[in-house]
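Residue-level listing of the chains:
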Amino acid sequence: MDEGGTPLLPDSLVYQIFLSLGPADVLAAGLVCRQWQAVSRDEFLWREQFYRYYQVARDVPRHPAATSWYEEFRRLYDTVPCVEVQTLKEHTDQVLHLSFSHSGCQFASCSKDCTVKIWNNDLVVSLLHSADMRPYNWSYTQFSQFNMDDSLLLVSGVFLGPHNSSAGEIAVISLDTFALLSRVRNKPYDVFGCWLTETSLISGNLHRIGDITSCSVLWLNNAFQDVESENVNVVKRLFKIQNLNASTIRTVMVADCSRFDSPDLLLDVGGPAAPSCQVFDLGSNSDDEAPAPARAKEGLRRFLDDILDGRVQPPLSENALETRVAELLAQGRTRPPEPVAGGGRKYLVFTTGCLTYSPHQIGIKQILPHQMTTAGPVLGEERGADEFFDSLDHVIDVHGHVIGMGLSPDHSGAVVADPMQPPPIAEEIDLHVFDLKTMREVKRALRAHRAYTPNDECFFIFLDVSRDFVASGAEDRHGYIWDRHYNICLAKLRHEDVVNSVAFSPQEQELLLTASDDATIKAWRSPHTVRALQAPRPRPRSFFSWFASQRR
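Just so it is clear, the structure is predicted and the values come from calculations on it, not from any experiment. (Residues numbered from 1 in each chain as written. Predicted model: local features only at pLDDT ≥ 70, side-chain atom pairs only at ≥ 80, totals over all residues. Heavy atoms only, no water.)

Colleague: So, the overall build of the protein chain: which residues are in play, and what are the values?
Modeller: For the protein chain, the count of helices and strands is 10 helices and 32 strands. Expressed as a percentage of the 552 residues in the protein chain, the buried residues total 52%. Of the accessible surface of the protein chain, which amounts to about 26,500 Å², a share of 52% is contributed by carbon and sulfur atoms. (Helix = DSSP H or I, 4+ residues; strand = E, 2+ residues; numbered from the N terminus. Buried < 20%, exposed > 50% of the residue type's maximum accessible area, 1.4 Å probe, protein only. Areas by Shrake-Rupley, 256 points an atom, 1.4 Å probe, with all protein chains shown as cover.)

Colleague: Now, about the sheet that holds strand 31 (residues 511–516): what can you tell me, with residues and values included?
Modeller: Pairing is antiparallel across the open sheet formed by four strands, whose spatial order is 1-32-31-30. Either end of the sheet is taken by a strand with one partner, and the two such strands are strand 1 (83–88) and strand 30 (499–504). Adjacent strand axes in the sheet meet at a mean angle of 20 degrees, parallel and antiparallel pairs treated alike. Sheet analysis places strand 30 next to strand 31, joined by five bridges and oriented antiparallel. (Pairing = 2+ DSSP bridges. Axes fitted to C-alpha atoms, helices over the stretch in contact; angles between N-to-C directions.)

Colleague: Outline the pattern of salt bridges, listing residues and values.
Modeller: Across all of its chains, the model carries 15 salt bridges by this definition. A salt bridge links arginine 75 to glutamate 72; its shortest N-O distance comes to 2.9 Å. In this pair, arginine 75 and glutamate 72 are both assigned in helix 5 (residues 69–78), three residues apart and thus about one turn of the helix distant. Judged on exposure class, the residue arginine 75 and its partner glutamate 72 are both buried. Of the charged contacts, one joins arginine 185 and glutamate 169 as a salt bridge, the two residues approaching to 3.5 Å between their closest N and O atoms. Separated by 16 residues along the polypeptide, arginine 185 in strand 9 (residues 180–186) and glutamate 169 in strand 8 (residues 168–174) bring together distant segments of the chain. When its relative accessible area of 4% is taken as the criterion, glutamate 169 is described as buried. A single network of salt bridges, built from pairs that share partners, joins Glu72, Arg75, Arg467, Asp468 and Asp483. (Salt bridge = Lys/Arg side-chain N within 4 Å of Asp/Glu carboxyl O.)

Colleague: I'd like a description of the packing of aromatic side chains, backed by residues and values.
Modeller: Within this structure, the stated rule accounts for 20 aromatic pairs. The interplanar angle of 55 degrees and the centroid separation of 5.2 Å between the aromatic rings of phenylalanine 50 and tyrosine 54 together place this pair among those described as tilted. Linking phenylalanine 50 with tyrosine 54, this pair stays in helix 4 (residues 43–54), spanning four residues, or about one helical turn. Cluster of aromatic residues (ring-pair linked, three or more members): Trp46, Phe50, Tyr51, Tyr53, Tyr54, Trp69, Tyr70, Phe73, Tyr77 and Tyr486. Over the ring of tyrosine 70 we find arginine 41; its NZ or CZ atom is 4.2 Å from the centre of that ring. In this structure, arginine 62 packs its charged tip against the face of tryptophan 69, placed 5.5 Å from the ring centre. (Phe/Tyr/Trp six-rings, centres within 6.5 Å; stacked < 30°, edge-to-face > 60°. Lys NZ or Arg CZ within 6 Å of the ring centre and 35° of its normal.)

Colleague: Can you tell me about the packing of helix 4 against helix 5, naming the residues and giving the values?
Modeller: Running from N to C, helix 4 and helix 5 cross one another at 30 degrees; their axes reach a closest spacing of 8 Å. Accordingly, the angle class assigned to the pair helix 4 and helix 5 is roughly parallel. Every residue of helix 5 that contacts helix 4 at Glu43, Trp46, Arg47, Gln49, Phe50, Tyr51, Tyr53 and Tyr54 is listed here: Trp69, Tyr70, Glu72, Phe73, Leu76 and Tyr77. Split into classes, the residues belonging to the contact of helix 4 with helix 5 amount to 10 nonpolar, one polar and three charged. (Parallel < 35°, antiparallel > 145°, perpendicular 65-115°, else oblique. Contact = heavy atoms within 4.5 Å. Nonpolar A, V, L, I, M, F, W, Y, C, P; charged D, E, K, R; others polar.)

Colleague: Describe the sheet that holds strand 26 (residues 464–465), and please don't skip the residues or the numbers.
Modeller: As summarised here, the arrangement of the four strands in space is 26-27-28-29, forming an open sheet in which the pairing is antiparallel. Only two strands of the sheet have a single partner each, and these edge strands are strand 26 and strand 29 (489–494). In the sheet, strand 26 pairs with strand 27 (residues 469–472) via two bridges, with the strands oriented antiparallel. Following the sheet pairing, aspartate 464 is matched in strand 27 by alanine 471.

Colleague: Run through a nonpolar patch on the surface, naming residues and quoting values.
Modeller: On the surface, a cluster of nonpolar side chains totalling about 340 Å² of accessible area is made up of Leu8, Leu9, Leu13 and Ile17. As for its position among the elements, leucine 8 is in the segment before helix 1 (11–19). (Patch = residues over 30% accessible without salt bridge, like charges linked within 9 Å, V, L, I, M, F, W, Y side chains within 5 Å.)

Colleague: Explain helix 5 to me, and be specific about the residues and the numbers.
Modeller: Across the 10 residues of helix 5, seven count as buried, placing the element largely inside the fold. For helix 5, the complete set of buried residues consists of Trp69, Tyr70, Glu72, Phe73, Arg75, Leu76 and Asp78. Contact partners of the buried residues in helix 5: helix 2 (23–29), helix 4, strand 27, strand 28 (478–483), strand 29 and helix 9 (527–534).

Colleague: Give a description of the nonpolar core that names residues and reports values.
Modeller: With 30 residues, the main nonpolar core has Phe50, Val56 and Ile481 as its most contacted residues. Elements that contribute at least two residues to this core include exactly helix 1, helix 2, helix 4, helix 5, strand 27, strand 29 and strand 30. When residues in this core are grouped by element, the largest group, five residues, is from helix 4. Beyond its immediate stretch of four places on either side in the chain, isoleucine 481 contacts Val80, Pro81, Phe469, Val470, Ala471, Ile488, Cys489, Leu490, Ala491, Leu493 and Leu512. Core analysis: the second largest hydrophobic core is formed by 26 residues, Ile170, Leu201, Ala223 and Met253 among them. (Core = buried A, V, L, I, M, F, W, Y, C linked by side-chain atoms within 4.5 Å.)

Colleague: Tell me what's going on with unusual backbone geometry, and back it up with residues and numbers.
Modeller: Here lysine 187 and proline 188 are connected by a cis peptide whose omega angle stands at -5 degrees. By secondary structure assignment, the location of proline 188 is in the loop between strand 9 and strand 10 (194–195). Phi angles above zero are rare outside glycine, and phenylalanine 178 is one such case at about 60 degrees. Turning to its location among the elements, phenylalanine 178 is positioned in the loop between strand 8 and strand 9. With a phi angle near 70 degrees, phenylalanine 192 is a residue other than glycine that sits in the positive phi range. Here phenylalanine 192 lies in the loop between strand 9 and strand 10. With a relative accessible area of 5%, phenylalanine 192 lands in the buried category.

Colleague: Talk me through the pairing of strand 32 (residues 521–525); I want residue IDs and the actual numbers.
Modeller: Of all five residues that make up strand 32, five are buried, and the element is covered over most of its length. Side-chain alternation along strand 32 places Ile521, Ala523 and Arg525 on one buried face and Lys522 and Trp524 on a second face that is also buried. Note that strand 1 and strand 32 share five bridges and pair antiparallel. Looking across to strand 32, one finds that glutamine 86 is bridged to alanine 523. In this structure, strand 31 lies alongside strand 32, joined through five bridges in antiparallel fashion. Following the sheet pairing, leucine 511 is matched in strand 32 by arginine 525. Linkage of strand 31 to strand 32, two consecutive antiparallel strands, is achieved through a turn of four residues, within which alanine 519 is found at a positive phi near 70 degrees.

Interpretation in functional terms is not warranted from these geometric data alone.
Structure representation (structure tokens):
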């Protein structure tokens, strides 16, 4: 401006100059004078800055809750938890899992050192309690979950049974006294287990039928078994599901769709050429079809006749023959899904498969109201003789090896997968999003991290989802944070080894924890929060200094 305050350059020319600057330079230039300050906050200017800086596709609209492009740019830049504020080194081996209490005041960590540690989540995180599970013949702890009122902690681990079996066990710990309340067997161990109600938890068991055929049984257990077992039922069978091709049910979680308007299921699948995920509704049957047992018996008879007459070409291997016979036998002994009235629904969501040992499908089974208590018939006494298995309500085929799944605050889930062909895990990892109420795929995005482990050595990575962000660990020694709306990677969080688990605070998404094979837990906060915590605060004056100033 000249001495009279008249602008020397028109706003349009200043705008064109600012378009060639980066965001930091635009803000710095806005401090020069009032004219530049006004231009530096122009909405069209920050729209261009946003798309260019974050490399968002131009056809992606602004977040519906955003009030301006400037504020939206600031949200993604300033509220992502990417500043390391504390490193916890109390574990002595790989840290496998993190979980927050629903209040956000505490969190738990599980580790290969066979302890579960409970922490106070203050401004400076401190250790509250450590429970060593080695006296119970555990090999290590792998998963934990707080119940809804944060009074109990479910801890899942690998149990060292006879002949080096890899069965698991679930323990329930009181958060008031830190006493061990009960222990429940869990097989295979990567079922993990989860809470269904405040005092009831789900565990698994596996029964072998053939070389590659089995059935998974999901049990509902009372958390207070030692106290109540003499008076009431403390365990009840929920579902019994057939497994083919050596696959089993794993990673069981509960999604409560009655609490939200539009819950989503997020599926992460790798490979640029991976086909679109498919959802199969398994609950529809035609009314004019023959009864299932009759159809199964006739199908099995024809199949065996074809084999004996040499009409099956090429000849089937023993495993393929076992799988086909098991499928035909199960057709007449599988209980169809039960219809339910009303909108309040809870679903079991778990990984499974029908083509290979590697989990490549997501199974969904509705839990009916009468199934949410251990009261009533035990061990499936309510079943008919012909209803040996339960059918799934929906199956989502992700066309890849599932290596991670998690539920978001609005009960969406996240599943990490990679293609089954070729055998090594594909390096590219994608995220798929499914609406749990419509069972439709709504989004596929979030490719940033990579995987390197071969298929037969694959492990599990725990994801987390907050209101605005998705976070995941990876084998490349980093944690990753994406924006849920724009599908862009916002931050890479470095560790010295594989990052196994991430967890957002349920009360403030600007706090994130990461756990790694380097035996550390790192706490990350947003730049906005760090500035607020580090800002100098006025020190209260002592009474004597105030009194002395009054006497002058």
